[in-house]
Amino acid sequence: MANQLPFETEKSESCPECGSLLVIRNGAHGPFFACSSYPQCHYIKPMRPSSDSHIIKVLEGQACPSCGYDLVLKQGRFGMFIGCSHYPECEHIELIDKPDETKVACPQCKTGHLLQRKSRFGKTFYACDSYPSCQFILNNKPVSGECEFCHYPLLMEKRGTQGVRLFCASKRCGKSQKE
């Protein structure tokens, strides 16, 4: 198998640390610039900018509460959000669609409440708001109530071909409730 050498950049950039030529290498996360005198110099630079978000609209008249610059509507890797236009210096962000608080008490820790969250794949789930100490999670919408079979203090709503039905939220029970 032939040894593939990295090809040179079009601009012929030089390494800011040692002055050697920068070449394009391919890594696990895509191509990047690297110093051609690699074992001696470990300089690397990403090819694309570090921020994955781009500005959709400038919200004129709305000032950042932290620094006073204009707020902007941005599209990021986790969806749309509002952020400061003076980003690297000011890291103020606001979520557009905040999670819904269900007002249902957590059955595991009994101190927190269940919040609606989204997974990295966009699927909705419900988790306790005191997350690091309590790791209760539910994939269906929680409903206040008690199971008529095991007396677990939480029910969940499932939608199926027969309509909306209530089930016990306990993994041990999980029985359908009579209406």
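The text that follows walks through the structure, step by step, so that each part is easy to find. Treat the numbers as computed from the prediction; the structure is a model and nothing was measured. (Residues numbered from 1 in each chain as written. Predicted model: local features only at pLDDT ≥ 70, side-chain atom pairs only at ≥ 80, totals over all residues. Heavy atoms only, no water.)

1. Some words on the environment of L166
Selection rule: Helix numbering and strand numbering both begin at the N terminus, where a helix is a DSSP run of H or I of at least 4 residues and a strand a DSSP run of E of at least 2. Residue burial is assigned from relative accessible area. The probe radius is 1.4 Å, only protein chains are included, and a residue is buried under 20% of its type maximum, exposed over 50%, and partly exposed in between.
Looking at where L166 falls in the secondary structure, it is placed in strand β14 (residues 163–168). For L166, a relative accessible area of 25% gives the class partly exposed.

2. Here we look at the sheet that holds strand β1 (residues 22–27)
What counts is decided by this rule: Two strands make a pair as long as DSSP finds a minimum of two bridges between them. Note on geometry: axes are C-alpha line fits, over the in-contact stretch for helices, and angles between N-to-C directions span 0 to 180 degrees.
The antiparallel open sheet is built from three strands, whose spatial order is β1-β2-β3. Every other strand in the sheet has two partners, leaving β1 and β3 (44–46) as the edge strands with one partner each. Ignoring which end each strand starts from, the neighbouring axes of this sheet average 35° apart. In the sheet, strand β2 (residues 30–35) pairs with β3 via three bridges, with the strands oriented antiparallel. Its bridge partner being in β3, F33 is matched across the sheet by K45.

3. Structural notes on the pairing of β2
Of the pairings in the sheet, the one linking β1 to β2 comprises six bridges and is antiparallel in character. Note that in β2 the partner of I24 across the bridge is F33.

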